[in-house]
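# Descriptive analysis of the structure
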Amino acid sequence: MVEKKRIGILTGGGDCPGLNAAIRGAAKGAVQRGYEVIGIHSGWKGFLDRDDELLDSARTSGIIDRGGTILGTSRVSPLAVENGTKFVFERFEELRLEGLVVLGGEGTLTVSGIMFDKGLPLVGIPKTIDNDVKDTDYSIGFQTAVQIATDALDRLRSTAESHHRIMLLEVMGRDTGWIATYAGLAAGADAILIPEIPVDKTKLEWLCYTVHERNRKGRRYSIVVVAEGTKLEGRSITREECDTSSEKRPLFGGVGELVGEAIQKSTGLETRVSTLGYIQRGGTPVAYDRNLATAFGAKAAELIANKKFGMMTALKGNTIRAVPLKNVATGKKTVDMKLYRVAERFFGLGGEI
Ligand code: F6P
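Conventions and cut-offs
- Residues numbered from 1 in each chain as written.
- Predicted model: local features only at pLDDT ≥ 70, side-chain atom pairs only at ≥ 80, totals over all residues.
- Heavy atoms only, no water.
- Helix = DSSP H or I, 4+ residues; strand = E, 2+ residues; numbered from the N terminus.
- Expected span 1.5 Å × (residues − 1).
- Buried < 20%, exposed > 50% of the residue type's maximum accessible area, 1.4 Å probe, protein only.
- Arc of directions from axis to C-beta.
- Contact = heavy atoms within 4.5 Å.
- Salt bridge = Lys/Arg side-chain N within 4 Å of Asp/Glu carboxyl O.
- Domains from an automatic or database assignment.
- Buried area = accessible area lost by both parts, 1.4 Å probe.
- Polar contact = N/O pair within 3.5 Å; in protein donor to acceptor, adjacent residues only side chain to side chain.
- Core = buried A, V, L, I, M, F, W, Y, C linked by side-chain atoms within 4.5 Å.
- Near = heavy atom within 4 Å.
- Areas by Shrake-Rupley, 256 points an atom, 1.4 Å probe, with all protein chains shown as cover.
- Nonpolar A, V, L, I, M, F, W, Y, C, P; charged D, E, K, R; others polar.
- Pairing = 2+ DSSP bridges.
- Axes fitted to C-alpha atoms, helices over the stretch in contact; angles between N-to-C directions.

## A closer look at helix α8 (residues 255-267)
Taking 1.5 Å as the rise per residue, α8 with 13 residues should run 18 Å; its terminal C-alpha atoms sit 18 Å apart, in good agreement. Regarding α8, the residues found buried are Val255, Gly256, Val259, Gly260, Ile263 and Thr267. An end-on view of α8 places all buried positions within 130° of arc, on one side of the element. Those residues of α8 that are exposed and angled more than 90 degrees off the buried face are Glu261 and Lys265. Lining the buried residues of α8 we find β6 (166-171), β7 (191-193), α7 (201-216), β8 (222-227) and β11 (271-275). Within two residues after α8, Gly268 carries a phi angle of roughly 75°, on the positive side.

So, in structure tokens, the structure goes:
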């Protein structure tokens, strides 16, 4: 019997809504081209642990609307494990894979670029609610996170209005403020604080003054969005992550509380802080993310079939493209300042109070 040709799929790094839609898109595209599809469990770790499964049509049906990833994920990098690269190549051979689809954020895709340079035939798909992967307009999961954060802000507005309070919402975004900017703009927030623009003493004073002025002029509530990675007087607010599987990295969180305290102390206005946390990363993907993920998955299968390895699927305007994976390692995609300035113009930090 002739054995079918095979490809593998893995999801690495933090999860996000839309991963399953992408797995489904890539698997369907590959099956149509005569491949069998192997799902590697828990990111790169699945290669090291020989933990994988056959993704047949039944397994990838009915998952387009499911949050998380049916394959599981981890932050394990084969480059950080002794003989990790060797294990990956060995298992890749054993599984008879012809190519690998890696769904990841900046970290996982950077590792993938290095693995490609070492000879592993792979293609990448960008996913992260933070939307900070370079060379693509959007990454899978971002639009869902923006919608969840916008819904939260809408809810905070009604209670802020009733109590004449200042409401702060801390959202994710370690290095970039994409969620804060898009959700803040969509919900008509009065201030948006992002990692790209550190908050120094003067800026904090100006924020407090503006909130106070709004109140004095009869606008008796204000809504402020803060991205978790926003630097306050030169420092990021973090605590140590307990990660058993890979390198430790700081966990962001708490900047909202500090900014809230500063506002209340300075203005004397009742201020409340909410942190959205992992709620913005879980659950059902919005239609946009399902469609982007499906298109990215299909494109990844096409790239593998055409042996166009070392590439990443990307959205440029309205077009799905393939870009060199190595571009991801050149840094993070920061917020479009033109858009941020539009949001800011509606607020006292840059415009009218
Ligand atoms: O998915 C990106 C992100 O949500 C960041 O904004 C956040 O700091 C980080 O992941 C936290 O995720 P984890 O606790 O899984 O490392």
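## Description of the pattern of salt bridges
Tallied over the entire structure, the rule returns 20 salt bridges. Two residues, Arg59 and Glu53, come together in a salt bridge whose shortest N-O distance is 2.7 Å. Among the residues examined, Glu53 registers a relative accessible area of 17% and is labelled buried. Among the ionic pairs, Asp135 bridges to Lys316, the shortest N-O distance being 2.6 Å.

## Considerations on the domain arrangement of the protein
Quoted interface sizes are often the accessible area lost when the parts come together. Here the protein is partitioned into domain 1 (5-140 + 285-330) and domain 2 (144-280). Inter-centroid distance (C-alpha atoms) of domain 1 to domain 2 is 33 Å. Of the residues lining the interface, 11 residues belong to domain 1; the matching set on domain 2 comes to 16 residues. In total, domain 1 and domain 2 occlude about 1100 Å² of area from one another, counting both sides; carbon and sulfur atoms represent 53% of this. Summed over the three residues of domain 1 that lose the most area to domain 2, namely Arg75, Ile129 and Asp130, the buried surface amounts to 51% of that side. Inspection of the region where domain 1 meets domain 2 yields zero salt bridges. Taken together, the links from domain 1 to domain 2 amount to four residue pairs in polar contact (both at pLDDT 80 or more).

## Remarks on the nonpolar core
In terms of nonpolar packing, the biggest core is built from 63 residues, with Ile9, Val101, Leu103, Ile140, Leu153, Val171 and Ile179 touching the most fellow members. Ranked by residues supplied to this core, first place goes to helix α5 (residues 142-163) with nine residues. Both domains that furnish three or more residues to this core are identified here as domain 1 (5-140 + 285-330) and domain 2 (144-280). Residue contacts for Ile9: discarding those within four places in its chain leaves Ile23, Ala26, Ala27, Val37, Ile38, Gly39, Ile40, Leu55, Leu71, Leu100, Val101 and Leu103. Trp44, Val88, Leu97 and Met115 belong to the second-largest nonpolar core, a separate cluster that totals 22 residues.

## Side note on the site of the ligand
Looking at the ligand, there are 12 residues lining it, with Arg75, Glu228, Arg249, Tyr278 and Arg281 nearest. Separating an oxygen atom of the ligand from a side-chain N or O atom of Arg75 is a distance of 2.6 Å. Contact with the protein chains covers 89% of the free accessible surface of the ligand, which is 400 Å². A per-class count over the shell around the ligand returns four nonpolar, one polar and seven charged. In this structure, the shell around the ligand is formed jointly by two domains, domain 1 (5-140 + 285-330) and domain 2 (144-280), each of which donates at least three residues.

## Structural notes on the pairing of β8
In terms of residue burial, β8 counts as a mostly covered element, since six of its six residues are buried. Burial of the side chains of β8 extends over both faces: Ser222, Val224 and Val226 are buried on one face and Ile223, Val225 and Ala227 on the other. Note: β6 against β8, six bridges, orientation parallel. In the strand pairing of β8, Leu169 is matched with Val225.

## Considering helix α3 (residues 84-94)
The set of residues buried in α3 consists of Gly84, Thr85, Val88, Arg91 and Phe92. Seen from one end, α3 has its buried residues packed into an arc of 135°, which puts them on one side. On the buried face of α3, the contacting elements are α2 (45-49), β3 (52-54), β4 (97-104) and α4 (106-117). One or two positions beyond α3, positive phi appears at Arg96, with a value near 60°.

## Some details on the sheet that holds strand β5 (residues 122-126)
The mixed open sheet is built from seven strands, whose spatial order is β3-β2-β1-β4-β5-β12-β13. At either end of the open sheet lies a strand with only one pairing partner, and these are β3 and β13 (319-324). Sheet twist, expressed as the average angle between the axes of neighbouring strands with direction ignored, equals 25°. In this sheet, strand β12 (residues 311-316) lies alongside β5 in parallel orientation, the contact comprising two bridges.

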